[in-house]
Structures are given as structure tokens and as C-alpha cells.
Amino acid sequence: MKRLWTTFLYTFLGLRGQILGWGLGLALYGLMVVPMYDALGAQQEQLQQMIASYPPEFLAFFGGDASSMLTPSGFLGMYAFSMMPVIISIFAVLVGSGLIVNDEERGRLDLIMAHPVGRSAFFFGRSLGILGAAVSIMLLGWLGFSVMLGGSSLGFDWGQMIVPFLSLLAQTLLYAMLALLLSMFLPSRSLAAMVTGVVVAASYFVSSLGFMDERLAALAKLMPYHYFQTVLSFQELNWAWLFTLLGISVLMMAAAWLSFLRRDIRLSGEGSWRLPFLLKHRKTT
Amino acid sequence: MDATHAGNLDQNLAIQIQGLTKSYGKVQALRGINLEVHQGEIFGFLGPNGAGKTTTIRCLLDMIRPDGGKARLLGLDPQAEPVVVQARTGYLPGEMQYYENLTAERQLRFFCAMRSDRVEWSYVRQLAERLDLDLKPQIKNLSKGNKQKIGIIQALMHHPELLLLDEPTSGLDPLMQQAVLGLLREANSAGATIFFSSHIMSEVENTAGRVAIIRAGKIVEIAETTSLTRRVLNRLTVRFKKPVDVTELGKLPGVELLTRSGQTSVTLQVTGDMEKLVQALGQLPILDLESERPSLEEVFLTYYKK
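These figures come from a predicted structure and were not determined experimentally.

Criteria and cut-off values
- Residues numbered from 1 in each chain as written.
- Chains lettered and ligands numbered in written order.
- Predicted model: local features only at pLDDT ≥ 70, side-chain atom pairs only at ≥ 80, totals over all residues.
- Helix = DSSP H or I, 4+ residues; strand = E, 2+ residues; numbered from the N terminus.
- Buried ≥ 20, exposed ≤ 12 C-beta atoms within 10 Å, placed from the backbone.
- Contact = placed C-beta atoms within 7 Å.
- Domains from an automatic or database assignment.
- Expected span 1.5 Å × (residues − 1).
- Core = buried A, V, L, I, M, F, W, Y, C linked by C-beta atoms within 7 Å.

Novice: An account of the overall build of chain A is requested, with residue identities and associated values reported.
Specialist: Check the secondary structure of chain A and you find 14 helices and zero strands. Here chain A holds 285 residues, and the buried ones make up 42% of them. The long-range fraction of contacts in chain A, counting pairs at least 24 apart against all pairs at least 6 apart in sequence, stands at 75%.

Below, the structure written as C-alpha cells:
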């Protein structure tokens with residue numbers, strides 16, 4: 001237990017820069033966006049005309065429509081939360097893909113694992129570290145969004161503001177665990193990050209386009225972003241979606257753990273793939 | 001590795017390897033390593049780059065999983081009980097990599113924490129003083145030699161029973177090399193077994209009681225250091241009273257003409273039995289004859305000409 005705790009502590013402390021950066025960034029965004037509602041409210045008539053002039057497809061892409069855009073939840077859904085999973089996924093992809101493999105590629109993992117840690121304690125210590133970092137980022141973001149609620153006419157309280165951050169946490173952990181899992185199988189961290197990034201982007205675009213095109217709606221249901229919830233009420237929260245995403249994250253983490261238990265620890269540079277057409281190109285140049 | 005057939009594995013050996021094999025794709029890195037290291041000895045492990053030294057050590061520490069064979073460290077299976085093995089061993093990799101933004105002190109404190117703080121910090125400081133290492137600077141600002149010192153300290157700081165060292169004096173100046181070798185001898189005197197690889201033949205020759213030579217994934221020789229240098233090679237410098245054609249000497253089995261000085265002096269290297277050479281020299285007008293023991297490096301190199 002002590003080994004797991006030590007690994008968690010060092011991982012969490014090692015991510016303090018990321019926690020502050022992303023967390024304060026979210027918080028500052030909240031400090032900016034929440035008062036915006038009242039500022040926009042003062043120009044509601046002009047705003048309604050502007051929104052009415054947008055193509056419905058444009059509004060649908062962001063998951064809203066002309067009638068909901070100016071409601072408190074619609075406003076937050078579009079201006080605050082719609083892009084957040086994509087933005088926070090940058091943290092998830094980079095940290096998740098490098099959680100183990102970053103040290104391996106830099107040649108540090110050898111020496112770490114030569115200490116009496118054990119692969120399981122090390123893996124779960126690191127994973128808890130990223131969980132702790134993600135929760136801390138969400139906490140800071142939530143604080144930033146909640147601090148200005150008292151002076152705003154949005155009509156939500158601090159407790160209600162937690163709800164979208166729960167869903168955001170589930171999205172973040174899903175992408176982090178996907179990146180971690182891919183890093184166990186793919187030959188490099190950068191490749192794992194790239195593939196996960198493609199999944200994030202595809203998830204966002206397919207889900208958003210699915211609002212506009214029925215042919216994509218079915219495909220959108222396979223995308224994690226489809227299950228991102230910007231509701232601000234525990235009663236409206238779809239708990240099944242939330243726990244399904246968390247459950248998938250746990251499964252991916254478990255698969256990554258089993259892979260880490262079984263695989264060799266590579267010395268930096270080992271195990272790279274060479275695509276056949278690149279091999280041929282190398283031979284001729 | 002098979003943990004159920006430990007009956008023929010000696011619990012009193014520090015390291016016991018039987019039939020260890022490991023492949024990386026089509027490349028067979030280890031082709032059946034057999035090795036025993038007794039508790040309390042200093043054992044040298046020699047081989048050129050790519051011979052399999054690092055692969056062997058990493059198999060012993062459960063960083064990589066061999067394809068076949070058995071290994072025991074201090075009587076324990078490193079795959080079944082990796083944490084226990086790692087608690088009792090100290091490891092120095094061939095390439096030391098750290099968290100470069102940490103200071104040496106913070107890096108060592110990290111390693112101490114990974115050992116569940118079963119390390120006396122006063123001993124770490126003592127080792128740092130012996131090796132003349134300032135613990136305050138960031139690692140990225142340290143020289144290669146100073147980074148190596150951090151590695152040596154983390155390998156020794158918990159008084160391990162077994163030390164696995166990959167080129168322990170790499171990057172160190174001669175004074176520090178002697179300081180490190182002194183620390184290793186002290187650890188050995190206190191009962192630690194030391195298994196180390198090196199390219200500095202003089203330190204292996206002066207430190208190790210036995211050596212193993214590995215080549216292309218197989219052990220080609222295991223012997224006491226002194227008998228190895230004595231057994232395999234002899235170098236003779238012969239001076240003649242008058243010019244002699246020494247070409248025929250070079251044609252004798254195991255004899256190699258190294259140098260000639262005119263036709264009155266020749267240096268020969270003899271591998272194995274000298275009887276035929278001595279008989280041939282008996283027919284020649286010898287002025288004097290000088291015999292020289294080869295260094296371990298020269299012995300080592302003969303295995304790479306075979």
C-alpha cells in the first residue's frame with residue numbers, strides 16, 4: 001500500500017503544473033462566461049435577431065436551437081461547455097499516453113522498476129495520480145464557474161454547477177484511459193496520443209453533425225461526446241450514461257494494467273514499427 | 001520462467017541462471033545462458049556491445065521476460081517475487097536517465113521513497129561525500145560523471161545483498177573510479193555479492209574474482225580471472241644471435257607472428273600448448289627469450305577473433 005501511495009503522491013505532485021494550468025484556465029473561463037449572460041441579456045432583442053439569422057444547422061452543430069440559446073442552460077451549454085471535452089481532452093491525451101510510456105521512452109522506467117515497487121502498485125499509483133489531477137482540474141473549473149453565480153441571473157447554485165463537471169470528468173477519464181491503453185500496445189507515446197486525438201476529434205464532429213444529419217445520428221451514438229451532458233440538474237442527469245462512461249474507463253484501465261503486467265519494459269527506442277512503404281523509401285534514398 | 005522445477009536450483013547461490021533464452025523478433029539475444037555466481041563473490045561480466053549483457057541483467061530483474069530457462073536471485077524467482085528481489089538488490093543501469101529538473105537530492109529522496117524509506121539519509125550523504133557529489137544542483141546541470149555518481153549512490157544506499165552493475169565507473173575520472181571500486185570492495189567485505197559488467201579490463205582484472213565472457217548471446221568462457229589470463233595466451237619476445245627466417249614459426253598451430261624487428265627479433269603470441277613452438281625454437285640460435293602474460297583485454301579479444 002505504501003508503494004502505491006508513494007507512486008500516487010509523486011505522480012500527483014508531478015502533475016501540479018498541469019492541474020494549475022488547466023484548472024485555472026477553466027476557472028478563468030468560467031469567471032468570464034458567467035457574467036456574460038447578464039451582459040448579453042441586456043441586448044436580448046438584438047441577440048435574438050442575430051441568432052434567428054443563423055442557419056439552423058449551425059445551431060444544431062453546437063447542440064442547440066434558436067429558442068434554447070438564450071435560456072440559462074442553453075447559454076452555458078453552447079458558450080461554456082460545448083467545446084470543453086475537446087479542450088480538456090488535450091490534457092487527457094497527453095498525460096494518459098505518457099503516464100507510463102513517457103518514462104519508458106526516456107529510459108527512466110528501468111531504474112524506477114528496479115526499485116521494490118511492483119508493477120501493479122506502480123500502475124495503479126500512476127492511474128490514481130491522473131484521476132486525482134483530473135478531479136482537481138474539475139474542482140478548480142467548478143469553483144471558477146460558481147464564484148460569479150451569486151451576482152448572475154443564471155439562476156443556478158454551486159451544487160447544480162457540479163453536474164456538467166461530473167460529465168466532463170467522465171469524458172476526460174475516458175480519453176485518458178484510452179490513451180493509456182493505446183500506449184501499452186502502440187510502439188510510441190506519440191502514436192498513442194495521435195490515435196486518441198483522432199478519436200476525440202471524430203467523436204466531437206460526428207456527434208455534432210449527428211444533430212444535423214440523421215444518417216450520422218446512429219454513428220454518433222457510438223461516440224463518447226454524444227454522452228456528454230451539459231444539464232445543470234441532478235434530476236436531469238442521465239446517470240446510466242455517466243456510469244457507463246466511467247465503467248468503460250475502468251475496463252480500459254484494467255486492460256492497460258494487464259498489458260503492463262505482461263509486457264517487457266522497453267529500453268528507449270525499442271519496439272518501433274516500420275511501415276513497409278517507409279522501409280522501401282529508405283532503401284532507395 | 002518455470003517456478004515449479006526449483007529442485008535443482010541452489011538456494012545458496014546469489015545468481016543462478018539455467019538455459020536462459022530471449023528473442024526480440026527474429027533476433028535471438030540470449031541463446032541459452034548458464035551461469036552461477038556464489039554469494040559473496042565479485043563477478044565480472046564481459047562482452048562486446050550487443051552480446052547480451054544488459055539483456056541478461058534485465059531478465060534477472062524482471063524488466064523483460066525471457067522466452068525460456070530459469071533464473072534465481074538470492075534463491076528467489078524474480079518473476080514470482082519481484083518486489084522482494086528488488087528490495088534486496090541494487091541496480092545500476094548502463095544508461096542512467098533521471099528527472100532532469102530535479103536536484104540530485106530530490107531524485108535520491110524519490111528513490112528512497114520508492115524503497116519505502118528503508119534508507120538512512122545520513123548514509124546517502126556519506127556516500128555523496130565519498131564520491132564528492134554536490135546534491136544541490138539540478139541534474140540537468142550535472143556532468144555525465146556526476147550523474148553516474150547518483151546512480152551509484154542509489155544502488156548502494158540501502159545496503160543491498162546483491163549488486164547488479166552495468167559499467168559502474170563509466171564517465172568517472174580515475175580518482176573517482178578508485179573511490180567507486182573502493183565502495184564496492186567495502187560492500188563486498190560486508191557480504192554483498194557484486195555482479196558487474198565493464199569494458200575497463202584493468203578494473204575487472206583487479207576487482208573480479210571470476211569472469212564470464214558472453215558473445216552473441218552465449219557464455220563462451222567462465223573462469224577465475226587469474227587463471228584466464230594465465231591459461232590462454234602467452235606472448236614471447238625472442239632475440240636471435242644471427243638473422244633467422246621466422247616465417248615457419250608463424251605456421252605452427254596456435255602461433256601468431258605479432259612483430260618482427262629485422263631478422264633478429266620477433267614477438268610471437270601463442271594460444272594454447274607451447275610444446276611445438278618450444279621444439280621449433282630449440283633448433284634456432286636464440287640469444288634470449290622473454291615471456292609476458294597478456295592482459296585480460298587481450299584475452300577478451302581472442303574470443304572475438306574466434
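And the narrative resumes.
Novice: Give me the domain arrangement of chain B: which residues, what numbers.
Specialist: For chain B, the domain assignment lists domain 1 (6-216) and domain 2 (232-302). When each unit is reduced to the centre of its C-alpha atoms, the spacing between domain 1 of chain B and domain 2 of chain B is 41 Å.

Novice: Before we move on, could you go through helix α5 (residues 144-156) of chain B and cite the residues and values that matter?
Specialist: Residues and elements named next belong to chain B. Helix length check: α5 (13 residues) gives 19 Å between terminal C-alpha atoms against 18 Å at 1.5 Å per residue, within 8%. For α5, the full list of buried residues reads Gln-148, Lys-149, Ile-150, Gly-151, Ile-152, Ile-153, Gln-154, Ala-155 and Leu-156. On the buried face of α5, the contacting elements are β5 (89-92), α3 (104-114), α4 (121-130), β6 (162-166) and α6 (174-189).

Novice: Tell me about the environment of B:Thr271, and name the residues and values.
Specialist: Positionally, B:Thr271 belongs in strand β12 (residues 265-271). Sequence spacing of B:Thr271 and B:Ile152 is 119 residues, and the spatial spacing of their C-alpha atoms is 38 Å.

Novice: Which residues make up the nonpolar core, and what values go with them?
Specialist: Counting residues in hydrophobic clusters, the biggest one holds 137 residues, and the most contacted among them are A:Ala176, A:Met177, A:Ala179, B:Ile153 and B:Ile194. For this core, the leading source of residues is helix α10 (residues 158-185) of chain A, giving 17 residues. Contact partners of B:Ile194, with chain neighbours within four places excluded, come to B:Ile42, B:Phe43, B:Leu163, B:Leu165, B:Leu184, B:Ala187 and B:Asn188. One finds B:Leu236, B:Val238, B:Leu268 and B:Val270 within the second-largest nonpolar core, a separate group that totals six residues.

Novice: Kindly report on the environment of B:Met274, identifying the contributing residues and their values.
Specialist: Take B:Met274: it is sitting in the loop between β12 and α10 (275-281). It is 52 Å that separates the C-alpha atoms of B:Met274 and B:Leu142, two residues lying 132 residues apart in sequence.

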